[in-house]
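# Analysis of the macromolecular model
Spelled out, the chains give:
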Amino acid sequence: MQLRYNFRAYPDASQRRALAKAFGCARVVWNDCLRDRQQAHAAGQPYVKSAELSRLRITQAKRTEERAWLADVSAVVLQQSLRDLDTAYKSFFDSLRGKRHGGKVGPPRYKSKKDTRQSIRFTTNAFSLQGDGTVYMAKVGNLKVKWSRRLPAAPTSLTVIKDSCGRYFLSFVVDTELDILPELEAESGIDLGLSAFAVLSDGRKIDSPRFLRRAEKKLKRLQRELSRKVRGSKNRAKARIRVARQHAKVADRRLDFHHKVSTQIIRDNQAVYVEDLAVSGLGRTRLAKSVHDAGWSAFVGMLEYKAVKHGRTFAKVDRAFPSTQLCSACGFRDGPKPLHVREWMCRACGTVHDRDHNAARNVLVEGRRIVAAGRAETLNASWSAGKTRTKVPAQRGEAGSLRKGQPTQAGIPGLHAGEHVNEAENGVWHHRVDGGVSRTVLSGS
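Residues numbered from 1 in each chain as written. Predicted model: local features only at pLDDT ≥ 70, side-chain atom pairs only at ≥ 80, totals over all residues. Heavy atoms only, no water.

## Thoughts on the sheet that holds strand β9 (residues 196-200)
Selection rule: The pairing criterion is simple: DSSP has to find at least two bridges between the two strands. Note on conventions: DSSP H or I runs of at least 4 residues are helices, E runs of at least 2 residues are strands, and numbering of each starts at the N terminus. With axes taken as lines fitted to C-alpha atoms, and helix axes fitted only over the stretch in contact, angles between N-to-C directions fall between 0 and 180 degrees. Contact definition: two residues touch when any of their heavy atoms are within 4.5 Å.
Spatial ordering of the open sheet is given by β10-β9-β8-β11-β12, a layout of five strands whose pairing is mixed. Looking at the sheet topology across the chains shown, the edges are occupied by β10 (205-207) and β12 (313-317). Neighbour to neighbour, the strand axes of the sheet diverge by 20 degrees on average, direction disregarded. Pairing between strand β8 (residues 187-192) and β9: three bridges, direction antiparallel. Following the sheet pairing, D191 is matched in β9 by V199. Along the sheet face, helix α5 (residues 234-268) touches β8, β9, β10 and β11 (271-275) and points at about 170 degrees away from the line of β10.

## Notes on unusual backbone geometry
Note: most peptide bonds trans; most residues except glycine with negative phi. Not every positive phi belongs to a glycine, and K139 is a case in point at roughly 60 degrees. Note that K139 resides in the loop between β4 (135-137) and β5 (141-146). With phi around 50 degrees, R210 is a residue other than glycine that occupies positive phi space. With respect to the helices and strands, the residue R210 is situated in the loop between β10 and α4 (211-227).

## Quick word on the state of the cysteines
We count it as follows: Note on disulfides: each one is a pair of cysteine sulfur atoms within 2.5 Å. Any residue under 20% of the maximum accessible area for its type is buried, any over 50% is exposed, and the rest in between are partly exposed; the area is computed with a 1.4 Å probe on protein chains only.
Counting across every chain of the model gives zero disulfides. C349 takes part in no disulfide bond, and the closest cysteine sulfur to it belongs to C327, at a distance of 3.7 Å. Judged by its relative accessible area of 38%, C349 is partly exposed.

## Considerations on the environment of V140
By the element assignment, V140 lies in the loop between β4 and β5. The exposure class of V140 is buried, given its relative accessible area of 13%. The spacing of V140 and R17 is 123 residues in sequence and 8.9 Å in space, taken between C-alpha atoms. Apart from the residues lying within four places of it in its own chain, the contact partners of V140 are Q15, A18 and L19.

## Notes on the nonpolar core
Condition: Working definition of a nonpolar core: buried Ala, Val, Leu, Ile, Met, Phe, Trp, Tyr and Cys residues. They are joined through side-chain atoms within 4.5 Å.
Counting residues in hydrophobic clusters, the biggest one holds 51 residues, and the most contacted among them are I120, F122, M137, L158, V160, L170 and F172. In contact with F122, not counting residues within four places along its chain, are S74, V76, V77, F127, M137, A138, S157, L158 and V160. Among the nonpolar cores identified, the runner-up in size contains 26 residues, and I206, F211, V272 and V279 belong to it.

## A closer look at the packing of aromatic side chains
Convention followed: Aromatic rings from Phe, Tyr and Trp, with only the six-membered ring used for Trp, were paired whenever their centres fell within 6.5 Å, and each pair was classed as stacked if the ring planes differed by under 30 degrees, edge-to-face if by over 60, and tilted otherwise.
Taken as a whole and judged by the stated rule, the model has 11 aromatic pairs. Aromatic side chains Y47 and F93 sit 5.9 Å apart centroid to centroid with 70 degrees between the ring planes, which places their arrangement in the edge-to-face category. You can see Y47 sitting in the loop between α1 (13-42) and α2 (50-59) and its partner F93 sitting in helix α3 (residues 75-97), a full 46 residues away along the chain. Accessibility expressed as a relative area gives 26% for F93, which makes it partly exposed. Note on Y89 and F93: the rings are 5.7 Å apart at their centroids and 35 degrees apart in plane angle, and the pair reads as tilted. Of this pair, Y89 and F93 both sit in helix α3, separated by four residues, roughly a single helical turn. On the basis of relative accessibility, which here comes to 8%, the residue Y89 falls in the buried class.

Structure representation (structure tokens):
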């Protein structure tokens, strides 16, 4: 299984310049290769292969006067930019052919130097962990890193990310074995909502923190200050950074909350069932701000990959399932109910239901039925799945903190057992993923 761990990095002035140059060169290679493929397509010519693009836009381009500066950065960065373009095209083609799950994916687009988020990727031959706790990267140097935990194994790739508020993060992808937790008898159905973030089938309610709503007053003031600055001025750039930092704080807090709640639910239950909500559709209604503030999709994604990691059963209940209409006591379908109805009485058996608790109990029953029928959509719908060798892609965000009492020994030189580390310091928890894999991501996700 692949996990992603993100850590805050602190490059000095010369390293920031080297990283800026690497970001720019990777962007130029991406744009040059994309242009060649688009022009070939417009002319009715065959799809340009990666080997040809690598020869023309990297190897030969370095020998020309107008692209000679490509030699100032690691060749690995340029090659990985081309690989990322290949991945983007593959996702686009798979989406057209119906081979890709999820929403439709558009064709790759040009990158701009004005993009607020920049990233480059290194393979194992272009970076290494040093004994003093720094990370060496080819043609960048040794970067100072704030380690919040040990890496469970040697990393297979490294992505350097500069986010919209100017923070730098190192995102490591690590191949690890599954961490199977002891079996439990408890199972849980989860009803996600806005008034309460989640209601479990055992009656527990998890309040919604509403991080964006709580920060809204300050965000409005900062946005107002930004709108008054002259476009292109240094003061406007500073004001933009202040707005980005506030948004990053909101995202970090939400991500940290999601990780803590999802980890606790997975540890407490052998099986977890949740409704497959149409978040993209709800995001176009009058409830859009509250829906996005809750972050249901990210939370469900965390439950899913953590279930795989810890050998738990996870299943999604179809969004068409009438969880709020069925009586969980007798099974009578009592019909649809508007959102303001929070309690109702079953016309068949007379049981008084809390709307959310009743829905969670119905989700639990339907989830059990799905698993029993063998139609669970996850890799771990049975105990045997926890023993498979199926590869699971790394999430966009970090995988979360390691369980207490079971520290791993592999990983970071310079971070010894017994050292105290503040895991929340500097927003390192991210998970922030692609996925979501961190960005546990207090790191700016």
